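Structural characterization, general
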Amino acid sequence: MADRSGAGQGVSLLPVGGAGRWPPSGGPGHARPLPARRRLHSPGQVRCDASCFAATGVREQLCWGRRGTATRRDSAMRFPPGAVLLLGLLGALLGGGASGLLELSLGKFRNVLLNQTNPVEAVIRNIASNVTVIIFQVHAQQSDVVISFDKNPSTNSSGTGVDRGLISILRPQQTVCTWYLRSLEANQVLSTAISIPYMEKDPIPGGCNLEFDLEVDPNIYLDYTLVDVRIKFAPANLGYMRGANPPSCDSGTGQNSRWRLRYDVYQYFLPENNLSEMVLMNHIRKMSEVQSIKANGVKMLTVTSDDKTDVYFSSLPGQGVIYNVIVWDPLWNTSAAYIPVHTYACSFADLVDNCSSLSKLSTKIFFTALAVLGLFTCFFGHRFWKTDLFFMGFIFTGFFFFVFITRVTGLGYDVRLVLTAVAGITGGILLVACWWRFGSVLLCMLIIGLVLGFLFSSMVFFTPLGDYRVFRDDVVFWVTFSSVALMIPVLFVGCPRILNILACGIVGSYSVVLAIACYVYTSLAYIALDLLRRILNDYFSRAYTNVPFQTNDFIVLAVWIMLALSGVTMQLRRERSEVPFPPHPYLTWKRERERRSTNVLDPSHHIPPLRERIHSKLLQIKELFQKEQPAGERTPLLL
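1. Some details on the overall build of the protein chain
Each helix and strand counted, the protein chain has 13 helices and 23 strands in total. Here the protein chain, with 639 residues, has 49% of them falling under the buried criterion. A separation of at least 24 residues holds for 76% of the contacts in the protein chain among residues at least 6 apart in sequence. For the protein chain, the exposed surface amounts to about 31100 Å²; the carbon and sulfur share of it is 61%.

Structural data, given as structure tokens:
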């Protein structure tokens, strides 16, 4: 490993898109590594002639030193608030090659407005001698930010992305570190920056990078698709004092090597239905330092040095998520945090299907129509038995048909959804026809029980139980899932009416939840969506399916429970004195036909044939559009 006595290293990155390939092909919001080399940097005094107006409202007044260095004015000097604000805005907005100065303190966040023409120089002074490593990081929501050691960044001394950082391994007696910040956008970009110090016994994130081009890489690389999110990071190394040689990464696997380190992966959800920049800036602070990560994040798993340092999560388009990793040294009981990374699993730049409008029009029409039918079934399904059969047959046939055409064809989403609707209608009609011809309650309740069983089994695996490592194996998962799903019709085989009423209330009300999810984000939609992802994607089993459960989800859950309980209670009370199921339709029709043919006194015996009745109705409709003939004589009388 090369000498680490310099002031820091450069991380060079490019934005990532959502194409679902690794390495990603490009797009705003995420980053991948490019070849880069470490560059020694000798920090000195800063020369600038404009102030940096931070988004926090903190103002720095700068003046020229005798040797061209920028010095801070004494805090006792007073300016009118309006003049200070105007001076700050001019320093941030006007061009002309001026550079802003951003004075930082270790462990303190600063919001700063960046643009393309005026780089901001970030400086930390008076670094304590017991600090050996400083990780400097900057975060923006969607616009890429360039962070570098030079005023004119190069590929081997800078990094580009929305969540990027540089690591500085300090030399003996070094007390100042300097970085340069600017955005790639012509307009101003709101970002937040922080520098975090670590001591000699703290592990160094990314210190044993064996995969990426950087020697020491504390960044987390993120890639996403509509199905899953992948994060990847480089292994860490043991800490060491200033001026010493770094521990070898391959000296052995004992307790005195970096193999004793453990990695805890944390996840943090932003507020639902909130894409604000300031919300992200405020919440990403909770995932930057070790103690705040442990206090606010959700620990998903622990990775050892023997495991691969990449983790998969289920994708939540439109929902902001922050990921970070804490590396822990069990011998010294010290920890260090990597640079947090965030994603919304969608694009802000796309004109269609962007983060603000994720649901397609076809999806809204499909699930809104399904919700109307489901709401009717929830309250009146058992009484209107054929409508209930059509609804359940639609769901059963449509689900498996969508899986089939997605697996074997490359058709577009809208085409597949239309074909699924046609197949579902056909399946519903066929189930009603089977009931009319054969009158088998057992066959119909098997289909209805399987629909309810699939939903119930999906709800079981929607809980934290679904993230257990044993269910990563597809055989174990599908055997368990099928057993739970089949348990429902088996348990209610002796009381089919209760099974049907429960299915009407629970499945019918859940269709309303799916319709709500087309307009407002709710995690409850992933009860069914995660099952569909597991069937359609061979590698979804490796993804952790944790989802947020916030205010919207509690409201939608209350609506779901209220509808289900109301529908089940109403139908149980109304149907308790009625026959469990209607009589066999085909036998009833056949019996009526024989009775009419033998009983001439029955008025129905004299009903005209169907063809004549249809012809008579058509004539009546035709008469409605004929002009009425005037009454009376219109010709003159002949004498």
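Still to come is the rest of the account.
2. Describing the sheet that holds strand 14 (residues 189-198)
If you walk across this open sheet you meet the four strands as 7-14-9-12, and the pairing is antiparallel. Two strands lie at the open edges of the sheet, namely strand 7 (110-114) and strand 12 (163-169), each paired on one side alone. Averaged over all pairs of adjacent strands, the angle between strand axes in this sheet comes to 25°, irrespective of strand direction. Note that strand 9 (residues 133-140) and strand 14 share eight bridges and pair antiparallel. Note on strand 14: the bridge partner recorded for V133 is Y198. Of the strands in this sheet, strand 7, strand 9, strand 12 and strand 14 touch helix 2 (residues 277-284), which is tilted by about 5° from strand 14.

3. Details of the pairing of strand 16 (residues 228-233)
Across the six residues that make up strand 16, a large majority, six, are buried. Burial of the side chains of strand 16 extends over both faces: D228, R230 and K232 are buried on one face and V229, I231 and F233 on the other. With five bridges joining them, strand 16 and strand 19 (residues 310-314) adopt antiparallel strand pairing. Paired with K232 across the bridge in strand 19 is D310.

4. A word on the pattern of salt bridges
Counted under the stated rule, the structure contains 10 salt bridges. Taking the shortest distance from any N to any O, the salt bridge between E575 and R574 comes out at 3.6 Å. The class of E575 is buried, set by a relative accessible area of 5%. By sharing partners, the salt bridges in this structure join R383, R574 and E575 into a single network.

5. Concerning the state of the cysteines
Throughout the structure, instances matching the rule amount to two disulfides. A sulfur-sulfur separation of 1.8 Å characterises the disulfide bridge that pairs C208 with C249. Note on the C208 and C249 pair: the S-S dihedral is about -90°, so by sign convention the disulfide is left-handed. Taken together, the positions of C208 in the loop between strand 14 and strand 15 (220-224) and C249 in the loop between strand 16 and strand 17 (262-269) put the pair 41 residues apart, joining distant regions of the chain. C208 sits in the buried class, given a relative accessible area of 0%.

6. Remarks on the side chain of Q174
For Q174, the location among the structural elements is in the loop between strand 12 and strand 13 (177-183). Engagement of the side chain of Q174 in a polar contact is seen with the backbone nitrogen of R171, the distance being 3.0 Å. At a separation of 3.1 Å, a polar atom in the side chain of Q174 contacts the main-chain carbonyl oxygen of V176.

7. Side note on the pairing of strand 20 (residues 321-329)
Across the nine residues of strand 20, eight count as buried, placing the element largely inside the fold. Pairing of strand 20 with strand 22 (residues 341-343), which is carried by three bridges, proceeds in the antiparallel orientation. Opposite I322, over in strand 22, you have H342 as the bridge partner. In the sheet, strand 20 pairs with strand 21 (residues 334-337) via four bridges, with the strands oriented antiparallel. Bridge pairing in strand 21 places V327 opposite A336. Turn length for the strand 20-strand 21 hairpin, with the two strands adjacent in sequence and antiparallel, is four residues, and the turn residue N333 shows positive phi of about 55°.

8. As for the sheet that holds strand 19
Where strands meet in a sheet, backbone hydrogen bonds hold them as pairs that are either parallel or antiparallel. If you walk across this open sheet you meet the four strands as 15-16-19-23, and the pairing is mixed. Sheet topology places strand 15 and strand 23 (543-544) at the edges, where each strand pairs with a single neighbour. As judged from the five bridges shared by strand 15 and strand 16, these two strands associate in the antiparallel manner. Residue D223 lies in a different strand from strand 16, and its bridge partner there is R230.

9. A word on the packing of aromatic side chains
Evaluation of the coordinates by the stated rule reveals 29 aromatic pairs. Relative to W179, the ring of F136 lies with its centre 4.4 Å away and its plane at 10°, an arrangement referred to as stacked. Here F136, found in strand 9, pairs with W179, found in strand 13; they are 43 residues apart in sequence, far enough to count as distant. When sorted by exposure, F136 lands in the same class as W179, which is buried. Measuring from centroid to centroid gives 5.8 Å for F477 and F481, while their planes differ by 25°, and the two rings are stacked. Remark: F481 and F477 occur in helix 8 (residues 474-491); sequence separation between them is four residues, near one turn of the helix. Taken together, the ring pairs in this structure connect F396, F399, F400, F454, F461, F471, F477, W478 and F481 into an aromatic cluster.

The rules behind each value
- Per-chain numbering applies: the sequence of each chain, read as written, is numbered from 1 onward.
- The model is predicted, so local features are restricted to residues of pLDDT at least 70 and side-chain atom pairs to those at 80 or more, both for listing and for counting; the totals for chains, interfaces and linings are taken over all residues.
- Calculated side-chain values reflect all of the structure's heavy atoms, with hydrogen atoms and water omitted.
- Starting at the N terminus, helices and strands are each numbered in turn, a helix being any DSSP run of H or I of at least four residues and a strand any DSSP run of E of at least two.
- Buried residues are those whose accessible area, probed at 1.4 Å on protein chains only, stays under 20% of the maximum for their type, while exposed residues exceed 50% and partly exposed ones sit between those limits.
- Contacts are assigned to residue pairs that have any heavy atoms within 4.5 Å of one another.
- Surface accessibility follows the Shrake-Rupley procedure with a 1.4 Å probe radius. Residue values consider only the protein chains on display as shielding.
- The criterion for strand pairing is that DSSP finds at least two bridges linking the strands in question.
- Orientation is described by axes fitted as lines to C-alpha atoms, over the contacting stretch for helices, and by angles from 0 to 180 degrees between their N-to-C directions.
- By definition, a salt bridge exists where a carboxyl oxygen of Asp or Glu is found within 4 Å of a side-chain nitrogen of Lys or Arg.
- The rule for a disulfide is simple: a pair of cysteine sulfur atoms within 2.5 Å.
- Polar contact is the term for a pair of N or O atoms within 3.5 Å; when the atoms are in protein, one must be able to donate a hydrogen and the other to accept it, and sequence-neighboring residues count only if both atoms are side-chain atoms.
- Centres within 6.5 Å make a pair out of two Phe, Tyr or Trp rings, where for Trp the six-membered ring is used; the pair is then stacked when the planes are under 30 degrees apart, edge-to-face when over 60, and tilted otherwise.

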